[in-house]
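Single-letter residue listing:
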Amino acid sequence: MSAVVVTDAVKRYDAVTALDGVTITFREGELFGLLGPSGSGKTTLLRAIAGFVTLDRGQVLIDGQNVGGVPVHARNIGMMFQSYALFPHMSVAENVAFGLEVRGRPREEVARRVQEALAMVRLGGLEQRKPKQLSGGQQQRVALARALVTRPKVLLLDEPLGALDRHLRQEMQVELRRIQRQVGITTIFVTHDQEEALTLSDRIAIFDFGRVIQEGAPMEVYERPVTKFAAGFLGEANFLHGRVTSLEPGGLARVALEIGGAASCRLKGGQVGQSVLLALRPEKITLSTEGEAGMNAVRGNVLDVVFSGNSTTYRVAVGEQVMTLFRQNLSQGTVAPGSDVVLSWSSDHLVQVTP
Amino acid sequence: MKLGPALLKVHLWLVLGFLYVPIVVMAALGFNASPLYALPFEFDLVWYRALAGNAKLIDAGIHSVGIALVNTIIATALGTMAALAFARYTFRGRTVMQILLFPPIAIPWLVIGTAMLVFFYWIDVRRGLFAILLGHVALSLPYVIVVVGARLATFPRAVEEAAATLGATPWQTFRRVTAPILAPGVIGGALFAFAVSFDQFVISYFLAPPGVTTLPVEIYGAIRKGFTPEINAISTIIIVVSMGVLLLTARFYRFGGER
């Protein structure tokens, strides 16, 4: 089952192409994160699904129905805005009741469903407050209750947690996840916060220049990025240039690294002599003060050390390049800057990316 | 150290006294029995009674209130629409039109009055209540646009989008979301329009034909002829009305924004 399908969506504004042929299938009941830098098209896509943006080409299907000619108010969607967009002249209860009242639901039903919705977001007792009298987190809960009370087919969230401070944001992430599971509604949210996307989403899509660079489960996208942009945008990565020296049976290739030394890794096709770009996550690198350079191991010199509680970040000069790595603070203590070290990794953690 | 604040206080009271003592004296003498403003003060409502029997002043009063009310309705409706157009749409000449709103506020009314008199003669609009009304609308329109525009400038557009996603048709959105949020600005603009029209002398004087007057024009005429404390009485009534409108404006325009 698929709740929302977008096919070949194109939207141009004068010289800017906001959407450049986007095709995504949002599955029933999943929480899908649209991730990308500002101006990458993710918000345009969200607003096209809502109906605020008319596509130049392509279509949006909600529940199998092409909503191309359907105005926003007839699409049966729920949307939460970054600014929450609560009605300032209405109380909390009136805000939540609005969607039911414009649909002409009977008064008893409205009252009952408003109560249910406010209970779901744990705001019982604040019915008569005005939005101005609420904290940021409370306003967000009202906005969520208001968006869900009409039982929409799809919930759209525009930077849902962007306006909250860090502590409240983590709390609301958990809350949002709980409510989304409880209601089981297909939810699409836009964020530029990679951590938020990884924590919340069942699946994510990474946007750049109006295109989907990669789509998949957060772990899959994180562990196997396909492009340099995807690897660098979602988490941190070291990028190693190299040239294929031999292909071995079993699919592994030997690569001579520009920083010196050799690596072995799995390539997508490839032939001897071809140049490749490999991504390596900082936490996959093992640092040791002894050992030799060799296959998947290079020598370097520690430039600086940043202790940050549960882990320590090392920057190590290797050849012409500086590599970054994280090391969990078990009990080994830190390695002093200036020390000669050996960095090593497993073949599985080298990922070929397109530049 | 202590002298500073004390001096400021004295200064404040001097300023207020300078502004209000003449008005208070004027109002008090309206309740004085002597037709020659002679003292000692002797309380009497004789001038208010005389006012009640002065058909010309009452007629002028009715004209003034009537014109002010009709002017308020027209100027508020047109001004609100114009403010919405300026805030919501981009169109050719928008900036020029917005800039052109301000000269009518800044140009002396005498000049505008003369211009209107000539213009109305030229397009064959006779001097009379209708011409006065047209003049007042033209004059109060910029005030309404500026006041409503200020409210629109802080209008959160996302709430209209939110209303749409919740299933509200454009009309429902306007009636239940846009209009209530704009209301304080519109009411403030309306009160401005009423005050501008009700207090207007120059334009009314220029555009009033013989025999038809508004209150300020009638008072001016009476003063020139030689007057009795009746004028004090009617002036006091005008001041009470104007101050009332002003206080209402302040309430809606200043504090209305926060509700």
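Structure: above.
All figures in this text were calculated on a predicted structure; none of them were measured in a lab.

Caption draft 1: Quick look at helix H7 (residues 129-153) of chain B. Look at H7(B): 35 Å from first C-alpha to last across 25 residues, which is about the 36 Å you get at 1.5 Å a residue. The principal kink in H7(B), of about 30°, is found at B:Ser140, preceding the proline B:Pro142 by one to four residues.

Caption draft 2: Local environment of the packing of helix H3 (residues 55-88) of chain B against helix H11 (residues 215-225) of chain B. Residue and element names in this part refer to chain B. Interaxial distance between H3 and H11 falls to 8 Å at its minimum, and their mutual angle equals 150°. Relative to H11, the element H3 lies roughly antiparallel. Contacts from Lys 56, Leu 57, Ala 60, Gly 61 and Ser 64 of H3 reach H11 at Leu 215, Pro 216, Glu 218 and Lys 225. Here the residues of the contact of H3 with H11 are counted per class, giving 4 nonpolar, 2 polar and 3 charged.

Caption draft 3: Broad picture of the interface of chain B and chain A. Facing 18 residues of chain B, the contacting portion of chain A comprises 23 residues. In total, about 1,800 Å² of surface goes out of reach between chain B and chain A, with carbon and sulfur atoms giving 65% of it. Considering only the surface of chain B that becomes buried against chain A, B:Thr165, B:Leu166 and B:Arg176 emerge as the three largest contributors, covering 39% of it. Between A:Arg47 and B:Glu161 there is a salt bridge, with the nearest N and O atoms lying 2.7 Å from each other. In this structure, the connection of chain B to chain A is made through 5 residue pairs in polar contact (both at pLDDT 80 or more). Secondary-structure elements contributing two or more residues to the side of chain B that touches chain A are helix H8 (158-165) and helix H9 (170-198) of chain B.

Caption draft 4: Structural context of the pattern of salt bridges. All names here are of chain A. Under the defined criterion, the tally for this structure stands at 22 salt bridges over all chains. Between Arg 141 and Glu 175 there is a salt bridge, with the nearest N and O atoms lying 3.1 Å from each other. With Arg 141 in helix H4 (residues 136-148) and Glu 175 in helix H5 (residues 166-183), this pair connects stretches of sequence that are 34 residues apart. Given a relative accessible area of 12%, Arg 141 falls into the buried group. Owing to a relative accessible area of 7%, Glu 175 belongs among the buried residues under this scheme.

Caption draft 5: Quick look at the sheet that holds strand E10 (residues 211-216) of chain A. All names here are of chain A. Strand order across the open sheet formed by 6 strands is E6-E7-E8-E3-E9-E10, with mixed pairing between neighbours. Unpaired on one side and paired on the other, strand E6 (77-80) and E10 mark the two borders of the sheet. Going across the sheet, the axis of each strand differs from the next one's by a mean of 20°, ignoring polarity. Where E6 and strand E7 (residues 154-158) come together, 4 bridges link them in parallel fashion. Across the sheet, Ile 77 pairs through a bridge with Val 154, a residue of E7. H4 rests against E6 and E7 of the sheet, and its axis sits at about 170° to E6.

Parameters at a glance
- Residues numbered from 1 in each chain as written.
- Chains lettered and ligands numbered in written order.
- Predicted model: local features only at pLDDT ≥ 70, side-chain atom pairs only at ≥ 80, totals over all residues.
- Heavy atoms only, no water.
- Helix = DSSP H or I, 4+ residues; strand = E, 2+ residues; numbered from the N terminus.
- Expected span 1.5 Å × (residues − 1).
- Bend = angle between axes of the 7 residues up to and from the residue.
- Axes fitted to C-alpha atoms, helices over the stretch in contact; angles between N-to-C directions.
- Parallel < 35°, antiparallel > 145°, perpendicular 65-115°, else oblique.
- Contact = heavy atoms within 4.5 Å.
- Nonpolar A, V, L, I, M, F, W, Y, C, P; charged D, E, K, R; others polar.
- Buried area = accessible area lost by both parts, 1.4 Å probe.
- Salt bridge = Lys/Arg side-chain N within 4 Å of Asp/Glu carboxyl O.
- Polar contact = N/O pair within 3.5 Å; in protein donor to acceptor, adjacent residues only side chain to side chain.
- Buried < 20%, exposed > 50% of the residue type's maximum accessible area, 1.4 Å probe, protein only.
- Pairing = 2+ DSSP bridges.

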